[in-house]
Amino acid sequence: MVVKIENLVKSYGDFVALDHFSLEIEEGEVFGLLGPNGSGKSTTMNCLLSLLQYDEGTIEVFGQEMKPDSYELKKDIGVILQNVAVFDELNVEENIDYFCGLYIKDKKKRKQLVEEAMEFVEITEYRKFYPKKLSGGLLRRLNIACGIAHKPKLIILDEPTVAVDPQSRNKILEGIQKLNENGATIIYTTHYMEEVEQICTRILIMDHGRSIAVGTTDELKAMIDLGETITMELPELSDEIRSLIEALPHVIGVEYDGAFLKVRFSKGKHNLIRLLDVMKEHDVTFRGVHSELPTLNDVFLEITGKELRD
C-alpha cells in the first residue's frame, strides 16, 4: 500500500473540511481524486504531505506514518502544483537542478538526473531559457520536470494541464502515463473529466470532505441510473409529442431548447427504437440522431448534484 488514509478529520472552527475521510492507493495506480471546489481535495493533499495538522485519523505512506519530520518518506514524493512554482531568476536547467538538489546532493548524479528530466518532458533545447520566455505549455512541462527529476515513487499532480494548448496537454498526459509505466504511483486531480477517463486506473469522488464513491470508470458508471442519452435535431416539439416521449419506458429526463431534443434513459433495451417509433407514427420531422453512453461527467453530476467547477 502506497497511501492509506483512515478517518481523517480536519476542521476550521465550525467548518468541517474533512469528515472522517478515508482512501487507499495501491502501488502502480494512477489514482484520480475528483470533487467540486471546496470538497476537501486540497486539504487532503496538504494533510497527506504533513503540511497541515489534522484533528483525527491516521496517514501512512509506504507503510509508515507520515509526520512533519518524515524526511526520508518525503524524498520519495514528487509534488507538481497547479500554480507553477519555479524561479524566474534561474533558467530551465538551473531550476531543475535546484529542485533536484533538495533531494540529491551528489552533483554528478544530479547532473544526469537533470538531463533525464529535460529529455523526459522534451525541453532540452530550451535549457538556457528563462521561465518568462517559455510558453504556457513549456512552463507546465518545466514545472513537472522540477517535481520528478529526483525519481520519486509517489507523484502528486494537481491540475497539471490548466491553460495549456491541446498539443502540450497531450504531451503532459503521455508523460504521466510513461511515469506510471516506469514504476511511479500517481495521484491526479483535475477538472477535465476526459483526462481522468483516459489515464486513471481508479477514481475517488469526494464532496463535503467525505468519500462519495470510488472505483474504476466502469464501476462508477454502473452506480448511476443513466443508461444512454439520445440527442435529436428537431425544429419544433409539441406538448403532445413531449408527453408521449416522457411516457416511454426508461425515460428519466427530457430537455428541448428549440433546436435539439435530449432524452435521457435509464438502463434498458430498445430505447432508440421506441423514440423513433413515436416520431414516425406522428409524422415528426427530425434530422440528426446521436446516442451517447454515460460519461464520467454524468456520474459526477448524478452523485454530487453539481458541476465539477461549481
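Below: a short report on this structure. No experiment lies behind these values; they were computed from the predicted model shown. Here the residue numbering is sequential within each chain, running from 1 through the sequence in written order. Predicted model: local features are reported for residues with pLDDT of at least 70 only, side-chain atom pairs are reported and counted for 80 or more only, and whole-chain, interface and lining totals are derived from all residues. Side-chain numbers here rest on the full set of heavy atoms in the structure, without hydrogens or water.

**Some thoughts on the overall build of the protein chain**
Part 1 of the reasoning: By the criteria applied, helices consist of DSSP H or I runs no shorter than four residues and strands consist of E runs no shorter than two, each listed in order from the N terminus. For the protein chain, the count of helices and strands is 11 helices and 14 strands.
Part 2 of the reasoning: Overall, the C-alpha framework of the protein chain stretches about 80 × 45 × 35 Å when taken along its three principal axes.
Part 3 of the reasoning: For each residue, the accessible area found with a 1.4 Å probe, counting protein chains only, is set against the maximum for its type, and the residue is called buried under 20%, exposed over 50%, and partly exposed in between. Residue burial in the protein chain is summarised as follows: out of 310 residues, 46% are buried.
Part 4 of the reasoning: Residues are treated as being in contact if the distance between any of their heavy atoms lies within 4.5 Å. A separation threshold of at least 6 residues defines the contact pool for the protein chain, and within that pool the share at least 24 residues apart is 67%.

**Overview of the packing of helix H5 (residues 136–148) against helix H6 (residues 166–181)**
Part 1 of the reasoning: Axes here mean lines fitted to C-alpha atoms, for a helix over just the part in contact, with angles spanning 0 to 180 degrees between N-to-C directions. The interhelical angle for the contact between H5 and H6, taken along N-to-C directions, is 15 degrees, at an axis separation of 9 Å. As the angle between them shows, H5 and H6 are arranged roughly parallel. Relative to H6, the crossing made by H5 is right-handed. Judged by residue contacts, Gly137, Arg140, Arg141, Ile144 and Ile148 of H5 engage Ser168, Lys171, Ile172 and Leu179 from H6.
Part 2 of the reasoning: In the scheme used here, Gly and all other residues not listed as nonpolar or charged are polar, with Ala, Val, Leu, Ile, Met, Phe, Trp, Tyr, Cys and Pro taken as nonpolar and Asp, Glu, Lys and Arg as charged. Its residues placed into classes, the contact of H5 with H6 shows four nonpolar, two polar and three charged. Orientation labels follow simple angle bins: below 35 degrees gives roughly parallel, above 145 gives roughly antiparallel, 65 to 115 gives roughly perpendicular, and whatever is left gives oblique. Crossing chirality is assigned from the near helix's rotation relative to the far helix, an anticlockwise turn below a right angle marking it left-handed and a clockwise turn marking it right-handed.

**A closer look at the sheet that holds strand S1 (residues 3–12)**
Think of a sheet as strands paired side by side through backbone hydrogen bonds, with each pair either parallel or antiparallel.
Part 1 of the reasoning: Strand pairing follows a simple DSSP-based rule, namely that at least 2 bridges must link the two strands. Spatially, the four strands line up as an open sheet ordered S2-S1-S4-S5, and their pairing is antiparallel. The open sheet has two free edges, formed respectively by strand S2 (15–25) and strand S5 (64–65), since each of these has just one partner strand.
Part 2 of the reasoning: One ladder, built from two bridges, connects strand S4 (residues 56–61) with S5; its direction is antiparallel. Counterpart to glutamate 60 in the pairing with S5 is glutamate 65.

**Focus on the pattern of salt bridges**
Part 1 of the reasoning: Salt bridges are counted wherever a side-chain nitrogen of Lys or Arg sits within 4 Å of a carboxyl oxygen of Asp or Glu. The final tally for this structure, using the stated rule, is 14 salt bridges.
Part 2 of the reasoning: For lysine 128, the salt bridge goes to glutamate 93, with nearest N and O atoms at 3.2 Å. Taken together, the residues lysine 128 in the loop between helix H4 (107–121) and H5 and glutamate 93 in helix H3 (residues 92–101) connect sequence positions 35 residues apart.
Part 3 of the reasoning: Residue glutamate 93 is classed as buried on the basis of its relative accessible area of 16%.
Part 4 of the reasoning: Sharing partners across several salt bridges, the network here consists of Glu93, Glu115, Arg127 and Lys128.

**Here's the deal with the environment of glutamine 82**
Part 1 of the reasoning: Positionally, glutamine 82 belongs in the loop between strand S6 (77–80) and H3.
Part 2 of the reasoning: Residue contacts for glutamine 82: discarding those within four places in its chain leaves Arg140, Asp158, Glu159 and Val162.

**Overview of the sheet that holds strand S7 (residues 154–158)**
Part 1 of the reasoning: Across the sheet, six strands lie side by side as S6-S7-S8-S3-S9-S10; this open sheet has mixed pairing. Whereas interior strands pair on both sides, the edge strands pair on one side only; in this sheet they are S6 and strand S10 (210–215). The mean angle between the axes of side-by-side strands here comes to 15 degrees, regardless of whether they run parallel or antiparallel.
Part 2 of the reasoning: As paired strands, strand S3 (residues 30–34) and strand S9 (residues 202–207) are joined by four bridges and run parallel to one another. Looking across to S9, one finds that phenylalanine 31 is bridged to arginine 202.

**Quick word on the nonpolar core**
Part 1 of the reasoning: Buried residues of nine kinds, namely Ala, Val, Leu, Ile, Met, Phe, Trp, Tyr and Cys, make up a nonpolar core once their side-chain atoms join them within 4.5 Å. Core analysis: the biggest nonpolar cluster contains 45 residues, and Ile96 and Ile186 have the highest contact counts within it.
Part 2 of the reasoning: If you tally residues by element for this core, the top one is H5, at six residues.
Part 3 of the reasoning: Residues in contact with isoleucine 186, not counting those within four places in the same chain, are Glu29, Val30, Phe31, Ile155, Leu157, Ile176, Leu179 and Asn180.
Part 4 of the reasoning: Judged by nonpolar contacts, the second largest core, of 24 residues, contains Val2, Leu23, Ile77 and Ile156.

**Here we look at unusual backbone geometry**
Part 1 of the reasoning: Positive phi outside glycine occurs at histidine 250, with the angle close to 75 degrees.
Part 2 of the reasoning: As for its placement among the helices and strands, histidine 250 is situated in the loop between helix H9 (239–246) and strand S12 (251–256).
Part 3 of the reasoning: Non-glycine residue aspartate 283 carries a positive phi angle of around 50 degrees.
Part 4 of the reasoning: Its location among the elements puts aspartate 283 in the loop between helix H10 (271–281) and strand S14 (289–292).
Part 5 of the reasoning: Overall, aspartate 283 belongs to the exposed group, its relative accessible area being 70%.

**Some thoughts on helix H11 (residues 296–304)**
Part 1 of the reasoning: Buried within H11 we find Leu296, Val299, Phe300 and Thr304. Seen from one end, H11 has its buried residues packed into an arc of 100 degrees, which puts them on one side.
Part 2 of the reasoning: Turning to H11, the residues buried within the fold contact S3, helix H7 (193–199), S9 and helix H8 (217–221).
Part 3 of the reasoning: Of the residues one or two after H11, glycine 305 is the one with positive phi, at around 75 degrees. Each C-beta atom gives one direction from the helix axis, and the arc is the one those directions make.

**With respect to the packing of H9 against H10**
Part 1 of the reasoning: Across the interface, H9 lies against H10 with an axial gap of 10 Å and an inter-helix angle of 155 degrees. By the angle between their axes, H9 is roughly antiparallel relative to H10. The two elements H9 and H10 cross, and the hand of that crossing is right-handed. Contacts from Ile241, Leu244 and Ile245 of H9 reach H10 at Leu275, Val278 and Met279.
Part 2 of the reasoning: Across the contact of H9 with H10, the residue classes break down as six nonpolar, no polar and no charged.

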